[in-house]
Structure formats: C-alpha cells, structure tokens
Amino acid sequence: MSSQSLSRFLIEAHRTKGNINADLRLLLEVVARACKSIAIATGKGALGNVLGNAGSTNIQGEAQKKLDVLSNEILLEANEWGGHLAALASEEMDQPHPIPHRYPKGNYLLVFDPLDGSSNIDVNVSVGTIFSVLECPEGVTEPDAGCFLQPGSRQVAAGYTVYGPSTVLVLTLGDGVHQFTLDREVGAFVLTRSDILIPQDTSEFAINMSNHRYWEAPVRRYVDEMLAGKDGPRGRDFNMRWVASMVADVHRILTRGGIFMYPMDDKCRAQGGKLRLLYEANPMAFIVEQAGGAASTGHQRMLDVQPTALHQRVPVILGSKNEVERVVGYHRES
Ligand code: AHG
Ligand code: MN
Ligand code: MN
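In this convention, every chain numbers its residues from 1, walking through the sequence in written order. Starting at A for chains and at 1 for ligands, labels are handed out in the order in which the entities are written. At least 70 in pLDDT is required for a residue's local features to be given in this predicted model, at least 80 for side-chain atom pairs to be given and counted, and no such filter applies to totals for whole chains, interfaces and linings, which use all residues. Think of the side-chain values as coming from all heavy atoms in the structure, minus any hydrogens and water.

### Describing the pairing of strand 1 (residues 53-57)
- Bridge analysis of strand 1 against strand 2 (residues 63-65) gives two bridges, and the strand direction is antiparallel. When the sheet's bridge partners are listed, Thr-57 is paired in strand 2 with Ala-63.
- For two strands to be treated as a pair, DSSP must find at least two bridges joining them. Helical segments are the DSSP runs of H or I of at least four residues, strand segments are the runs of E of at least two, and each set is numbered from the N terminus. Taken together, strand 1 and the strand that follows it, strand 2, pair antiparallel across an intervening segment of five residues, in which Gly-61 is found at a positive phi of about 80 degrees.

### Quick word on the site of ligand 1
- Around ligand 1 sit 17 residues in total, of which Asp-116, Gly-117, Ser-118, Met-246 and Tyr-262 are the nearest.
- One nitrogen or oxygen atom from the main chain of Ser-118 is found 2.8 Å from an oxygen atom belonging to ligand 1.
- When contributions to the shell around ligand 1 are tallied by element, the ones reaching two or more residues are strand 5 (108-116), strand 13 (259-262) and strand 14 (275-276).
- Broken down by element, the shell around ligand 1 gets its largest block of residues, three residues, from strand 5.
- Put simply, Ala, Val, Leu, Ile, Met, Phe, Trp, Tyr, Cys and Pro go in the nonpolar bin, Asp, Glu, Lys and Arg in the charged bin, and everything else, Gly too, in the polar bin. Residue composition of the shell around ligand 1, by class: seven nonpolar, four polar and six charged.
- Looking at which domains feed residues into the shell around ligand 1, each of domain 1 (6-193) and domain 2 (204-333) gives three or more. If a single non-hydrogen atom of a residue is within 4 Å of a molecule or strand, that residue counts as near it. The definition of a polar contact used here is a pair of N or O atoms within 3.5 Å, where within protein one atom must be able to donate a hydrogen and the other to accept one, and adjacent residues in sequence count solely through side-chain atom pairs. How far each domain reaches was decided by an automatic or database domain assignment.

### Considering the coordination of the manganese ion (ligand 2)
- Metal coordination here is assigned from N, O and S atoms located within 2.8 Å of the ion, or within 3.2 Å for Na, K and Ca; omission of water means that sites may look incomplete. Surrounding the manganese ion (ligand 2) are the protein donor atoms Asp-113 (OD), Asp-116 (OD) and Glu-280 (OE), which sit 1.9 to 2.2 Å from the metal.
- When the donors of the manganese ion (ligand 2) are listed by position in the chain, the intervening gaps give D-x2-D-x163-E.
- Between the manganese ion (ligand 2) and the manganese ion (ligand 3), the interatomic distance is 3.7 Å, and Asp-113 donates to each metal, bridging them.

### Re the coordination of the manganese ion (ligand 3)
- On the protein side, the manganese ion (ligand 3) has Glu-91 (OE), Asp-113 (OD) and Leu-115 (O) as donor atoms, found 2.2 Å from it.
- For the manganese ion (ligand 3), the donor residues sit on a single chain with the sequence spacing E-x21-D-x1-L.

### Side note on the packing of aromatic side chains
- Side-chain rings of Phe, Tyr and Trp, where Trp is taken by its six-membered ring, are said to pair if the distance between their centres is within 6.5 Å; with planes under 30 degrees apart they count as stacked, over 60 as edge-to-face, and otherwise as tilted. Per the stated rule, a full pass over the model turns up four aromatic pairs.
- With a centroid separation of 5.5 Å and an interplanar angle of 20 degrees, the aromatic rings of Trp-242 and Phe-260 are classed as stacked. In this pair, Trp-242 sits in the loop between strand 12 (239-240) and helix 5 (246-256) while Phe-260 sits in strand 13, placing the two residues 18 residues apart along the sequence.
- Of the residues examined, Phe-260 reaches a relative accessible area of 2% and is grouped as buried.
- When the ring of Trp-242 is compared with that of Tyr-262, the centres are 5.8 Å apart and the planes differ by 55 degrees; the resulting orientation is tilted. Here Trp-242 is found in the loop between strand 12 and helix 5, whereas its partner Tyr-262 is found in strand 13, with 20 residues between them in sequence.
- A positively charged side chain is recorded as over a ring if its NZ (Lys) or CZ (Arg) lies within 6 Å of the ring centre. The angle to the ring normal must also be within 35 degrees. Sitting over the ring of Tyr-330, Arg-221 keeps its end group 3.6 Å from the ring centre. Each residue's exposure class comes from its accessible area (1.4 Å probe, protein chains only) as a fraction of the maximum for that residue type: buried when under 20%, exposed when over 50%, partly exposed otherwise.

Below you can see the structure in the form of structure tokens.
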C-alpha cells in the first residue's frame, strides 16, 4: 500500500468527506509544519543550547523552559501570516495573540500548549505539543479572551504531537482519530494508524501516586481498589505508568488502553485542578471520545464544561470507557 501523507489525507478529507475547508486544511498543515520545527529543536538537545530554564515565568507562575518559549514562538510565527486565523492563545501567554494588522484574518481560533511535559525536557523523556481549533464567534474582528471560552464540544479539530523516539502527530476532525509518523528523511507526516479505538477495558492506570494523601475519597477508593489487585474487590492485578507528560501518557492510552487521571486534590483545589481546560483537557477529551473512550472531570463530561477563563484548570479523568465510568460512578456515590 502506498503511504499517505498528512497533506494528501487532508485534501482527501476535504474532497470526499467535506468535513474540512481550505482554511482549516491550511491551518492544520501550518501547525504540523511548526511541530516539525519543534521536533528538530527538541531533538538537538544540549547541542542546540535549548535545555534549561529561560529565566522567566508564565502567567501561571511556572518557570518557563527555553523550549517552552521557543516552541511558543515557532507556533506563533508559523500561524500569524497565513490568513486562516482570527487569533491565537497559548499556555505561555497571558492574553490572546492578535493577528498583526498587516496580515489578513480568518475565522479560526487556535489555542495550544506549545510544549507539554516540560519537566521532562532536561532528562530526555518524551514531550509534545497539544492544540485545539475553535471557530471565532460571528461578527468578531478583534477576538479577546472571551471568544475562546467555548465548551470543548465546539472544537472543530484537535491534536497533539509527541516528540519521542519517533515524532507522531495525532489528529481528529470530529470523524475518528488518526496518527501520522514523521518521516525524518522526507520531512513529511505519514499516516500510520487510522480510526484508532481505545479498548473499553484496561488493567493499566496513570496517576501521580505521590498525591495520594491529597486526593478526594472517590479517587482514593478507585486507586486503592486497583492496588489491592487480585486480593481486592476488582479481583485482578493492575499495572501503573506515569510519564508526567500528558501527551505521552495519553498516547499510550491511544495505543493500548488505560486510564489517565489528574484529579482534584487538596494541593490544586484553589486553582480548580492541575491541568488546563482549553489547551490540555479539551483537545485530549475530544481525541479520546473520538477514539471511543471517555473524558470527565469526575462530575461532568469534559466537553460540556463551560469555560470561564482562558487559563482555567480542571480535574481530568480520561481513557478506557468502562474505567472512566467507574470513577465517575464513585464520585456520584460519594
Ligand atoms: P506543562 O509541561 O505543559 O506545564 O504540563 C505538565 C503537565 C502534564 O503534562 C503532566 O501530566 C503533569 O503536568 C505532570 O504533573 P506532575 O509534575 O505532578 O507529575
Ligand atoms: Mn501541558
Ligand atoms: Mn506546556
């Protein structure tokens, strides 16, 4: 079978399914191209002088890594001139980035986590980029942060890349989930898995266990039951993985199933959770649902959450459907 590039995949989606127009196609190609540049920068490691802290903090008070700042710049520069966007927003910027007046404007809003898992950069463990595409509210020419406050169910596309042993890009246009692997010699993303489905059941969970004593009762019950293994109420053993890069943990779930949780806990309660709704939880929830999994805050379907702030945080529980439903059930019972 001949290989199918991302470009061809998008053109054929446009032609045959009509679920993508020329602007959205350009947008996705531009994001993919930017991700190739980030993959190259990430891959240079110490040789590229890209490791370590940038010496600045972002709006969330987190120390920015050089690669956080560089990845953000790469995505901004790639996307601002094409005429397909009305504005961009990012984890690394306080307010949305307007399209400079010298360029034409389009109808889409792009919001991203330019580099996810940045605590892993310096130790050479997989990191990634997460992005979400929304439509700009009709009639708005100068979108502000309020324009981005749309529930995840309104996303028109979402994706992530993992910069790991290979670079992969996973994408949904609301019609299944597809994976592309970067052919480094050719410089193109090539379709390597289509219509990905997450197994409904799993024996693998991902959570930062060091927060155990801070969790709420339903999550503690769920995890303790898994830890009890075949001697406990679940009657079987479970395995644990925690990469601490959401992209890598979610990618494992898309590959072999599993459940990922960054639940509410006493440490992050004041902020509403740890992970960010608009550029971490929502795009991943869209992808996971499109792959037959489920995503919840514990109390509500993630994609139904009405955002109230650009950098809003939420508790996240996502992955294999039957396990997510079990945790949600424990929340309901408590
Ligand atoms: P970011 O690097 O974009 O700030 O995101 C890091 C997130 C997420 O990728 C990961 O799942 C989680 O933080 C890791 O948290 P712990 O450090 O508590 O393990
Ligand atoms: Mn992140
Ligand atoms: Mn980040």
